[in-house]
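# A closer look at the structure
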Amino acid sequence: MRNVLLPVGAIGVALLLFGLIVSFSGVSPVEVWVLLFKGAFGDWYSWQNTLQRAAPLMLTALCVAIPARAGLTVIGGEGALVLGGLACAALAHAVPLPPSLFGTVAICMAGAVAGGLWVALAGWLRQYRGINETISSLLLAYVAIGLFKHLVEGPLRDPASLNKPSTPALDEGLLISTIAGSDVHWGLVIGVVVCLVAGLWLRLTPSGFAVRVVGGNPRAAQLVGLPATRLVVLACALGGAAAGLAGAIEVAAVHTSANAALIAGYGYAGILVSFMARHHPVAVIPVAILFGGFGAAGSLLQRRLGLPDASVLLLQGIAFVLILASEALRDTDWKAGFARLARLQPVEPVPQGEKS
């Protein structure tokens with residue numbers, strides 16, 4: 001119950017605070033809440049927009065969730081995502097791939113490998129050099145974005161891209177198509193499958209159990225002879241591979257080339273999704289859909305109420321702070337607290353006539 005009620009309560013309070021803040025702009029909070037729901041889940045068009053945004057969020061959230069099960073706080077998913085997209089476009093440009101499912105799988109695997117190696121570097125720095133993984137993964141994300149911009153605007157730039165530098169467009173046969181009868185691409189299905197596989201791996205396999213032991217009690221892991229260093233680097237590599245795969249899917253399904261539009265903040269939003277899901281890969285799926293809906297509703301708030309499209313980022317930031325704050329309440333003994341409050345209440349005086 002606590003795993004469900006605390007994050008849900010944090011989201012509810014975040015919505016209340018968001019409504020209070022936008023009310024200073026002369027906008028009705030109730031109207032904002034209604035439009036948030038309509039923009040995210042109001043009709044089939046809104047659902048499609050929501051699910052398109054949820055697909056990369058599922059994979060970038062795994063970049064936080066899998067290392068977190070090994071006891072690490074990795075927040076460099078944005079860097080892995082952009083490098084994954086870049087590797088996808090670069091491979092298609094450098095190697096003549098067949099315009100078939102094999103070619104599509106190859107460019108997606110290239111993205112996963114690039115992202116996995118990049119985030120594994122943060123795990124390696126943690127284990128072999130004692131560098132905090134939170135700081136190193138964040139700084140590596142900025143390095144990755146700088147490297148991405150340099151290559152897209154320089155050596156890998158398509159001469160035909162004038163005002164919007166990008167790599168050459170992928171061959172149409174390499175693109176990821178949409179699910180029949182909708183605008184939602186197959187990347188959503190890939191994201192759901194990867195989340196389920198990650199959850200089953202952590203729960204049912206010896207290596208997944210070993211990762212959870214290392215994250216839960218490193219001392220016990222050492223005593224039983226588990227290779228903690230290799231498991232930590234493995235967890236980082238798998239998380240980075242998920243984020244890199246998200247970047248490759250965004251290129252192959254949405255943008256058709258690597259360009260600045262790929263730097264959309266999905267890696268940072270995945271941090272919030274993972275924390276709200278308590279770093280459980282399966283729980284990431286519904287949470288990613290929820291926050292994908294918040295992102296989809298931003299344009300509706302702008303059209304109807306004149307609020308900035310980025311106002312939903314304020315909502316996400318408030319939610320992130322409250323979700324982290326709610327963790328302090330997880331071990332609270334509510335019954336004992338209410339009992340102490342009851343003892344502090346003043347005793348009502350007994351009327352004179354009722355005294356014996």
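The residue numbering used here restarts from 1 in each chain and proceeds along that chain's sequence as written. Where local features are concerned, this predicted model is filtered to residues with pLDDT of at least 70; where side-chain atom pairs are given and counted, the filter is 80 or more; whole-chain, interface and lining totals use all residues. To get the side-chain values, all heavy atoms of the structure are used, and hydrogens and water are removed first.

## What to know about the overall build of the protein chain
A count of helices and strands for the protein chain gives 14 helices and zero strands. A run of DSSP states H or I qualifies as a helix once it reaches four residues; a run of E qualifies as a strand once it reaches two. Both are numbered from the N-terminal end. In the protein chain, the order of α-helices and β-strands from amino to carboxyl end is α-α-α-α-α-α-α-α-α-α-α-α-α-α. Across its three principal directions, the C-alpha atoms of the protein chain cover 100 × 60 × 35 Å. Sequence separation of 24 or more characterises 76% of the internal contacts of the protein chain that already satisfy a separation of 6 or more. Only the protein chains shown count as cover for residues, and all accessible areas are computed by the Shrake-Rupley method using a 1.4 Å probe. Accessible area of the protein chain: about 17,600 Å², with a carbon and sulfur share of 67%. Charged-residue counts in this description rest on Lys and Arg as positive and Asp and Glu as negative, His and the chain ends being excluded. Think of each charge as sitting on NZ of Lys, CZ of Arg, CG of Asp or CD of Glu. The average position of the 21 basic charges and that of the 16 acidic charges among the side chains of the protein chain differ by 11 Å. Throughout, a residue-residue contact means that at least one pair of heavy atoms, one from each residue, lies within 4.5 Å.

## So, the layout of surface pockets
Using a grid of 1 Å spacing that covers the protein atoms alone, one calls a set of points a cavity when a 1.4 Å probe fits there but cannot get out, and a pocket when the set is open and has protein on both sides within 12 Å along at least five of seven lines; lining residues are those with an atom within 4 Å of a point. Grid points are joined across faces, edges and corners, and a volume is the space filled by probe spheres set on the points. Considering only enclosed or pocket space, the largest pocket measures out at about 500 Å³ in volume. If you go around the largest pocket, you meet 19 residues; those closest to its centre are Ala 264, Gly 265, Ala 269, Leu 313 and Gln 316. Of all the secondary structure elements, the ones that give two or more residues to the lining of the largest pocket are helix H3 (44-69), helix H11 (266-276), helix H12 (281-305) and helix H13 (311-326). Of the residues belonging to the lining of the largest pocket, the class tally is twelve nonpolar, five polar and two charged. Taken as a whole, the second largest pocket encloses approximately 430 Å³ of empty space. If you go around the second largest pocket, you meet 19 residues; those closest to its centre are Met 109, Ala 112, Ile 190, Val 194 and Leu 245. Breaking the lining of the second largest pocket down by element, the ones donating at least two residues are H3, helix H5 (101-129), helix H7 (187-204) and helix H10 (228-255). Across the lining of the second largest pocket, the residue classes tally to 18 nonpolar, one polar and no charged. When residues are sorted by character, Ala, Val, Leu, Ile, Met, Phe, Trp, Tyr, Cys and Pro go into the nonpolar class, Asp, Glu, Lys and Arg into the charged class, and all the rest, Gly among them, into the polar class.

## Notes on the packing of H3 against H11
Throughout, an axis means a line fitted to C-alpha atoms (over the contacting stretch in the case of helices), and angles, computed between N-to-C directions, take values from 0 to 180 degrees. Contact pair H3 / H11: the axes reach a minimum separation of 7 Å and the direction vectors enclose 70 degrees. Of the possible angle classes, the one that applies to H3 and H11 is roughly perpendicular. Judged by the twist between their axes, the crossing of H3 over H11 is right-handed. The residues of H11 that touch H3, namely those facing Arg 53, Pro 56, Leu 57, Thr 60, Ala 61, Val 64 and Ala 65, are Tyr 266, Gly 267, Ala 269, Gly 270, Ile 271, Val 273, Ser 274 and Phe 275. Taken together, the residues of the contact of H3 with H11 sort by class into ten nonpolar, four polar and one charged. The labels follow the angle: roughly parallel below 35 degrees, roughly antiparallel above 145, roughly perpendicular from 65 to 115, and oblique for the rest. Helix crossings get a hand from a simple test, with the near helix turned counterclockwise from the far one by less than a right angle marking a left-handed crossing and a clockwise turn marking a right-handed one.

## Points about the confidence of the model for the protein chain
Low pLDDT means the predicted atomic positions in that stretch should not be read closely. How sure the predictor is of each residue is captured by pLDDT, a score from 0 to 100. Scored by pLDDT, the protein chain has a mean of 89; 92% of the residues are at 70 or more. Looking across the protein chain, the model is least confident in helix H14 (residues 334-344), with a mean pLDDT of 66, and most confident in H7, with 96.

## Quick notes on H7
With 18 residues, H7 should cover 26 Å at 1.5 Å per step; its first-to-last C-alpha distance of 25 Å lies within 8% of that length. Each residue's exposure class comes from its accessible area (1.4 Å probe, protein chains only) as a fraction of the maximum for that residue type: buried when under 20%, exposed when over 50%, partly exposed otherwise. Here H7 has its buried residues at Gly 187, Leu 188, Gly 191, Cys 195, Ala 198, Gly 199, Trp 201 and Leu 202. The buried residues of H7 all sit within an arc of 160 degrees when viewed along its axis, so they share a single face. Opposite the buried face of H7, at more than 90 degrees from it, the exposed residues are Arg 203 and Leu 204. Turning to H7, the residues buried within the fold contact H3, helix H8 (206-216), H10 and H12. Helices are assigned an expected span. That span is 1.5 Å times one less than the residue count. The directions from the helix axis to the C-beta atoms form the arc being described.

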